[in-house]
2 protein chains.
Amino acid sequence: MTSKGAEVGTVRPGGRTARVRAAVLRATEDALVEQGFDGLDLGAVAQRAGVGKTTVYRRWGSATALVADLLVDMAEQSLPRADTGSLTEDLLANARLVRRTLADPRQGTLFRAVIAAASCDERTAEALRRFYQVRVREWAVCVEQAIQRGELPEDTDPDEVVRAVSAPLYYRLLASQQPLDEASADRAAHAAVAAAKAGVYARTR
Amino acid sequence: MTSKGAEVGTVRPGGRTARVRAAVLRATEDALVEQGFDGLDLGAVAQRAGVGKTTVYRRWGSATALVADLLVDMAEQSLPRADTGSLTEDLLANARLVRRTLADPRQGTLFRAVIAAASCDERTAEALRRFYQVRVREWAVCVEQAIQRGELPEDTDPDEVVRAVSAPLYYRLLASQQPLDEASADRAAHAAVAAAKAGVYARTR
DNA sequence: CAGTTAATGGGTCTACAGTTCCGTTAAGTG
DNA sequence: CACTTAACGGAACTGTAGACCCATTAACTG
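Everything numeric here is computed off the predicted structure, so don't read it as measured data.

Time to look at the relation of the copies chain B and chain A. Least-squares fitting of chain B to chain A yields an RMSD of 0.0 Å, with the superposition described by an axial translation of 0.0 Å and a rotation of 180°. The two molecules are tied by a two-fold rotation axis, judged by turn and shift. The position closest to the rotation axis in chain B is occupied by the C-alpha of Ala-116 of chain B, lying 2.0 Å away.

Moving on: the UniProt feature "DNA-binding region" (unreviewed entry) in chain A. When the UniProt feature table is mapped onto this chain, "DNA-binding region" (unreviewed entry) is found at residues 41-60 of chain A. Taken end to end, residues 41-60 of chain A comprises 75% helix and 0% strand; its first and last C-alpha atoms sit 12 Å apart.

Before going further, it helps to examine the protein's contact with DNA strand C. What surrounds DNA strand C is a group of 20 residues, the closest being Thr-54, Thr-55, Arg-58 and Arg-59 of chain A together with Gly-14 of chain B. Take Arg-59 of chain A: an N or O atom from its side chain is 2.8 Å from a phosphate oxygen of DNA strand C. Tyr-57 of chain B places a polar side-chain atom, nitrogen or oxygen, 3.0 Å from a phosphate oxygen of DNA strand C. Elements with a minimum of two residues in the surface near DNA strand C: α1 (15-35) and α3 (53-59) of chain A together with α1 (15-35) and α3 (53-59) of chain B. Among the elements that make up the surface near DNA strand C, the one with the highest residue count is α3 of chain A (4 residues).

This paragraph deals with the pattern of salt bridges. Taken as a whole and assessed by the stated rule, the structure comprises 41 salt bridges over all chains. Put simply, Glu-126 of chain A and Arg-130 of chain A hold a salt bridge, and the shortest N to O gap is 3.2 Å. With a gap of 4 residues between them, Glu-126 of chain A and Arg-130 of chain A both fall in helix α7 (residues 122-148), about one helical turn apart. Residue classification places Glu-126 of chain A among the partly exposed positions, given a relative accessible area of 27%. Among the residues examined, Arg-130 of chain A registers a relative accessible area of 52% and is labelled exposed. Between Glu-126 of chain B and Arg-129 of chain B there is a salt bridge, with its nearest N and O atoms 2.4 Å apart. On the criterion of helical spacing, the pair formed by Glu-126 of chain B and Arg-129 of chain B is a turn pair, its members being 3 residues apart in helix α7 (residues 122-148). One salt-bridge network, in which partners are shared between bridges, spans Arg-137, Glu-144, Asp-159, Glu-160 and Arg-163 of chain A together with Arg-172 and Arg-187 of chain B.

The subject of this paragraph is the interface of chain B and chain A. On the chain A side, the residues contacting the 35 residues of chain B number 35 residues. For the pairing of chain B and chain A, the buried interface totals around 3,200 Å² over both sides, and the portion due to carbon and sulfur atoms is 64%. One can count 4 salt bridges joining chain B with chain A. The salt bridge involving Arg-187 of chain B is made with Glu-160 of chain A; its shortest N-O contact spans 3.7 Å. On the surface where chain B and chain A come into contact, there are 6 residue pairs in polar contact (both at pLDDT 80 or more). Secondary-structure elements contributing two or more residues to the side of chain B that touches chain A are α6 (105-120), α7, α8 (158-176) and α9 (182-197) of chain B. Per element, the largest residue contribution to the side of chain B that touches chain A is 11 residues, and it comes from α8 of chain B.

On average, chain A scores 92 in pLDDT, and the residues at 70 or more come to 93%. Across residues 1-8 of chain A, confidence stays below pLDDT 50; counting only partners more than four residues off in sequence or on other chains, it has 12 contacts.

Moving on, we come to the protein's contact with DNA strand D. Near DNA strand D you find 20 residues, and of these Gly-14 and Lys-53 of chain A together with Gly-52, Thr-54 and Thr-55 of chain B are the closest. If you look at DNA strand D and keep only atoms within 4 Å of the protein, 56% of those are sugar or phosphate atoms. Between DNA strand D and the protein, one listed contact pairs a phosphate oxygen with a side-chain N or O atom of Thr-55 of chain B at 2.9 Å. When contributions to the surface near DNA strand D are tallied by element, the ones reaching two or more residues are α1 and α3 of chain A together with α1 and α3 of chain B. If you tally residues by element for the surface near DNA strand D, the top one is α3 of chain B, at 4 residues. Residues that form the surface near DNA strand D fall into these classes: 5 nonpolar, 6 polar and 9 charged.

What counts, and where the lines are drawn
Residues numbered from 1 in each chain as written. Chains lettered and ligands numbered in written order. Predicted model: local features only at pLDDT ≥ 70, side-chain atom pairs only at ≥ 80, totals over all residues. Heavy atoms only, no water. Least-squares fit on C-alpha atoms with pLDDT ≥ 70 in both. UniProt positions renumbered as here; feature names shortened; annotations may be inferred. Helix = DSSP H or I, 4+ residues; strand = E, 2+ residues; numbered from the N terminus. Near = heavy atom within 4 Å. Polar contact = N/O pair within 3.5 Å; in protein donor to acceptor, adjacent residues only side chain to side chain. Salt bridge = Lys/Arg side-chain N within 4 Å of Asp/Glu carboxyl O. Buried < 20%, exposed > 50% of the residue type's maximum accessible area, 1.4 Å probe, protein only. Contact = heavy atoms within 4.5 Å. Buried area = accessible area lost by both parts, 1.4 Å probe. pLDDT = per-residue confidence, 0-100. Nonpolar A, V, L, I, M, F, W, Y, C, P; charged D, E, K, R; others polar.

Here it is in structure tokens:
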């Protein structure tokens, strides 16, 4: 079985185990950024983390399992949402935040690698799903408030609006690979608002 | 160096070489669908293709190069666009086509694997870029016609509208991993139309 | 503050992905 | 329809990722 990842639940979660996990996850992140997912070598990760190779193979066992645990770790550091009182401003803030993350050489490469890993393994895919679920829920509150303010139709699906903001940016990162400039972020936000106001993201159709 | 891929340009492109390439690319496709990208073994591909292992290592050399050549091959089979006379109908047709492709167990898995490979290698990424460039240009004509009919602002960027249709579907495939049902395809198309009509995809801002 | 054992780590072994060598096949040429 | 050589394929070789063994370390327990 793959490691639970989080310290909770293991028999002996204290000091050393936690330190080893942290060191290995940091090393994994660095290796992913530098080598990419297919070049990920567990032995190299172990050495970089200053940890025995055996430990990495025993606790994680595969590159995808390592990335899955990294995603659990990443999901825990939640990003604070904006609260400007205007839907457009809130979603612009979200779009620009996502854009900045994906456009950053380190983070962008990391996200590509993580998504590549998720495409190769079901457990990792599940971890990625949870990661985005947390992120989306955090920002969906902005949309819920906009509905209460009467800016959007009652039956609008808040999560779907938030995802609509991210989608074009991820498409640029992964598929079309066009530059992730600020204008593209603003277009993503404005498009989501326009579509939401037109009732495209209504729950019942 | 990586193989040019296309037969044109090689010194001896005739019969056998072309047959070998076709067999290897088919085998690669099958292997990607069954094993995923990280499980891709060039030896196994060779065996499945009924071709010498040496040949695969010589002509392609790596899993990513193999996928890059597969993408060149896939780009050649262009999909015919719709022409219903209505922008909404055309984009609905496009969205449903993309959805059907990505929702298909075989094709969906293949696309995930291909995108994973592109995330791991610059040459493969370039091949993927070209692939989508061809696809997008094909359907952009629908948007150009809509502009001429006066359905959309003059300065609308046609390519950007087409990408806006695909983006939410790819986001579902790769990131959020929600079901790719027909309703999601229709939302994607309607959202793109709503945003385009609102002038979000104007070239000059 | 011992005693217990989960967890780690160094060292060794092994299967197999990827390389090399060289003989064979067949595509292009005149 | 021979002749040249690009391209292929079988077999033997090798480096290394990953498995295994067992001694050591340090968390939890009472």
